[in-house]
Amino acid sequence: SFVCAAATSGTMVEGHGVHRVAQRHRRLLLGKVFKATSPNGRFAQGAKLIDDRTLSRIEAIGKNLFYFWGDRGDGGKNTTVVHIHFGMSGQFKTAGFGKLEATKNTRLELASESDDIVAHLSAMTVNHGDMEFYDKKVKALGQDPLREDADADLVWEAFKKSRKSVGALLMDQSVIAGLGNIYRAEVLFKAGLHPETPGASIDHETFTNVWQISKDFLRRGVETGSILTVEPQEAKVLGPPWTRRYIYNHSQCGRCGTRVKTWDMAGRTVYACVKCQPLESTLDPPRKKQLAKAKGHVPFVSHCAPEPRQAASALDAALEKVSAGEKRNVEHVALVEESTLELAELSRLKVKELKTKLSDLDLPTSGKKEELLKR
């Protein structure tokens, strides 16, 4: 998740977080003119090109963001496109004008005193170019399940022609853009597919199921700001610690109790329940050798995909984020949903003030502060 990616290393922001940034910035920044600067000097030329120009369009494709500066009516002739990839530790935060302090990692500042807003960007990749630059970038990316213009048939063709495993294909951003390691583990588990299954060996029905699960999981991520893959009703049946994810960072499968196995695939840890995800294909010697190294997974403390002590509702998750301090004076825009932002504001009120608000809504006013917030 992106808030974690902004605070820790080793966790790539996944597609849902990028789309959340785009959604929020379309509301907060689109159509505005900014004073653009590069506090650390690493995007000085790009900042100069977009300074005092209108932000006219924002696109999210997989883990990539594209911001367009210029008049949409000129056919893109004078448009400057800024390409952003957060990498392992990026963030694009907003606040009231003058309320953010640049750091050594702040590559771009967008400021508008008249609109009372400032945005600070730090990311692994911040490049700029024209529309041809944008078209070239898009052509290199795969289909994003979250986009309306995504073409699943192109992904299916890539699967049929590839010699890669389904586990490798789901992480290949030139095939499917936006999935990361957590989603890979959960999508393949839900589909009942072993990660080492050759992509070309699955039938169209199985592929369609993988694509649909990917869409469903990512959409839920956009809506909630968290990677939640277990259906709410099943979460009640499985109970902790399987209320959010089936096998990622679990020692046992939430459904059958089998030990979760992990091994290396292209430098990333891959997860599988060998009972729920049986391998029905013969592997080539190198992959067979790698799979032979699979070990029972030992859970680690994950700040980016934490497991709650008990099944959490969306409101409980929001309260958890507020108490953890993910929202203070600054919006970490990729993950914090509207309800959490509102809850953060309410949490600053005194009990007496909360009771007044509840009374105005004809709601009960008894109980502790957390109970009042939940109402």
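Residues numbered from 1 in each chain as written. Predicted model: local features only at pLDDT ≥ 70, side-chain atom pairs only at ≥ 80, totals over all residues. Heavy atoms only, no water.

Q: Just to check I follow, could you spell out the overall build of the protein chain for this structure?
A: On a plain count of helices and strands, the protein chain comes out with 14 helices and 12 strands. Residues counted as buried form 50% of the 375 residues belonging to the protein chain. Partitioning the contacts of the protein chain with sequence separation of at least 6, the portion at a separation of at least 24 is 62%. Surface summary for the protein chain: the accessible area is close to 18200 Å², and the carbon and sulfur share equals 49%. (Helix = DSSP H or I, 4+ residues; strand = E, 2+ residues; numbered from the N terminus. Buried < 20%, exposed > 50% of the residue type's maximum accessible area, 1.4 Å probe, protein only. Contact = heavy atoms within 4.5 Å. Areas by Shrake-Rupley, 256 points an atom, 1.4 Å probe, with all protein chains shown as cover.)

Q: Where do I start with the pattern of salt bridges in this structure?
A: Close approach of charged atoms allows side chains of opposite charge to pair. Under the definition given, this model contains 10 salt bridges. Residue R147 is joined to E59 by a salt bridge in which the shortest nitrogen-to-oxygen separation is 2.9 Å. With R147 in the loop between α4 (131-140) and α5 (152-161) and E59 in strand β2 (residues 55-61), this residue pair connects regions lying 88 residues apart in the sequence. Its relative accessible area of 19% is what places R147 among the buried residues. Exposure remark for E59: the relative accessible area of 15% places this residue in the buried category. One continuous salt-bridge network, built from bridges that share partners, spans R57, E59, R147 and D149. (Salt bridge = Lys/Arg side-chain N within 4 Å of Asp/Glu carboxyl O.)

Q: What's the story with the pairing of strand β4 (residues 80-85) in this structure? I'm lost.
A: Successive side chains on a regular strand alternate, one facing one side of the sheet and the next facing the other. Summarising burial for β4: 6 of the 6 residues are buried, a large majority. Burial along β4 is two-sided: the residues T80, V82 and I84 and V81, H83 and H85 are all buried. The pairing of strand β3 (residues 64-69) with β4 spans 6 bridges and is classified as antiparallel. Within the sheet, the bridge partner assigned to W69 lies in β4 and is T80. As paired elements, β4 and strand β8 (residues 125-129) share 5 bridges and run antiparallel to each other. What sits directly across from I84, in β8, is V126. (Pairing = 2+ DSSP bridges.)

Q: Would you mind showing me how to read the nonpolar core here?
A: Generally speaking, soluble globular proteins have nonpolar side chains that are buried together. By size, the foremost hydrophobic cluster in this structure holds 38 residues, and its most contacted members are V155, F159, L170, I176, I202, F207 and I247. Elements with a contribution of two residues or more to this core: α5, α6 (166-171), α7 (181-191), α8 (204-224) and α9 (232-238). Apart from the residues within four sequence positions on either side, I247 is in contact with A185, E186, F189, C253, V260, Y271, A272, C273 and Q277. In terms of nonpolar packing, the next biggest core, distinct from the first, is built from 27 residues, V18, L108, A119 and A123 among them. (Core = buried A, V, L, I, M, F, W, Y, C linked by side-chain atoms within 4.5 Å.)

Q: Please explain the sheet that holds strand β9 (residues 261-265) as it appears in this structure.
A: Think of a sheet as strands paired side by side through backbone hydrogen bonds, with each pair either parallel or antiparallel. One open sheet accounts for 3 strands, arranged β10-β9-β11; its pairing is antiparallel. The open sheet terminates on both sides in strands that have one partner only, identified here as β10 (268-272) and β11 (295-296). As defined by bridge partners, β9 adjoins β11 across 2 bridges and the pair is classed as antiparallel. Bridge pairing links T262 to K295 in β11. Each of β9 and β10 touches α7; the most contacted strand, β10, lies at about 20° to it. (Axes fitted to C-alpha atoms, helices over the stretch in contact; angles between N-to-C directions.)

Q: I would appreciate a short explanation of the sheet that holds β4 in the present structure.
A: Pairing in this open sheet of 4 strands is antiparallel, and the strands run β2-β3-β4-β8 from one edge to the other. Every interior strand has two partners, whereas the edge strands, β2 and β8, have only one. Along the sheet, successive strands turn relative to each other by an average axial angle of 15°, direction set aside. In this structure, β2 lies alongside β3, joined through 6 bridges in antiparallel fashion. When the sheet's bridge partners are listed, L55 is paired in β3 with W69.

Q: Help me out: how do you make sense of the packing of α7 against α8 in this one?
A: For the pair α7 and α8, the least separation of the axes is 9 Å and the interaxial angle reads 130°. Taken together, the axis directions place α7 and α8 in an arrangement best described as oblique. When the axes of α7 and α8 are compared, the crossing they make is right-handed. Touching Y183, E186, V187, K190 and A191 of α7 are N209, V210, I213, S214, F217, L218 and G221, all from α8. (Parallel < 35°, antiparallel > 145°, perpendicular 65-115°, else oblique. Left-handed = near helix turned anticlockwise from the far one by under 90°.)

Q: How do you make sense of the packing of helix α2 (residues 15-28) against α8 when you look at a structure like this?
A: Geometry of a packed helix pair, given as the angle between the helix axes and the separation of the axes. Orientation of α2 relative to α8, taken along the N-to-C sense of each, is 45°, at an axis distance of 8 Å. The orientation of α2 relative to α8 falls into the category oblique. Regarding α2 and α8, the two cross each other, and that crossing is right-handed. Contacts between α2 and α8 pair H16, H19, R20 and Q23 from the former with L218, G221, V222, E223 and T224 from the latter.

Q: Explanation requested: the side chain of S112 in the structure shown.
A: By the secondary structure assignment, S112 is in strand β6 (residues 108-112). A relative accessible area of 4% means that S112 is categorised as buried. A polar contact of 2.9 Å, which involves the side chain of S112, links it to the side chain of D115. (Polar contact = N/O pair within 3.5 Å; in protein donor to acceptor, adjacent residues only side chain to side chain.)

Q: Can you help me understand α5 in this one?
A: Note on helix geometry: an α-helix contains 3.6 residues per turn, so any two residues three or four positions apart are oriented the same way. For α5, every residue scored as buried is listed here: V155, W156 and F159. Down the axis of α5, the buried side of the element spans an arc of 100°, and every buried residue falls inside it. Exposed positions of α5 whose direction lies more than 90 degrees from the buried face are D153 and K161. Where α5 begins, one side-chain oxygen reaches toward the backbone nitrogen of D153, 3.0 Å away; that side chain belongs to D151. (Arc of directions from axis to C-beta.)

Q: Even after reading the chapter, I still don't get the side chain of H25, so can you show me in this structure?
A: Here H25 lies in helix α2. A polar contact is formed between the side chain of H25 and the side chain of Y67, at a distance of 2.7 Å.

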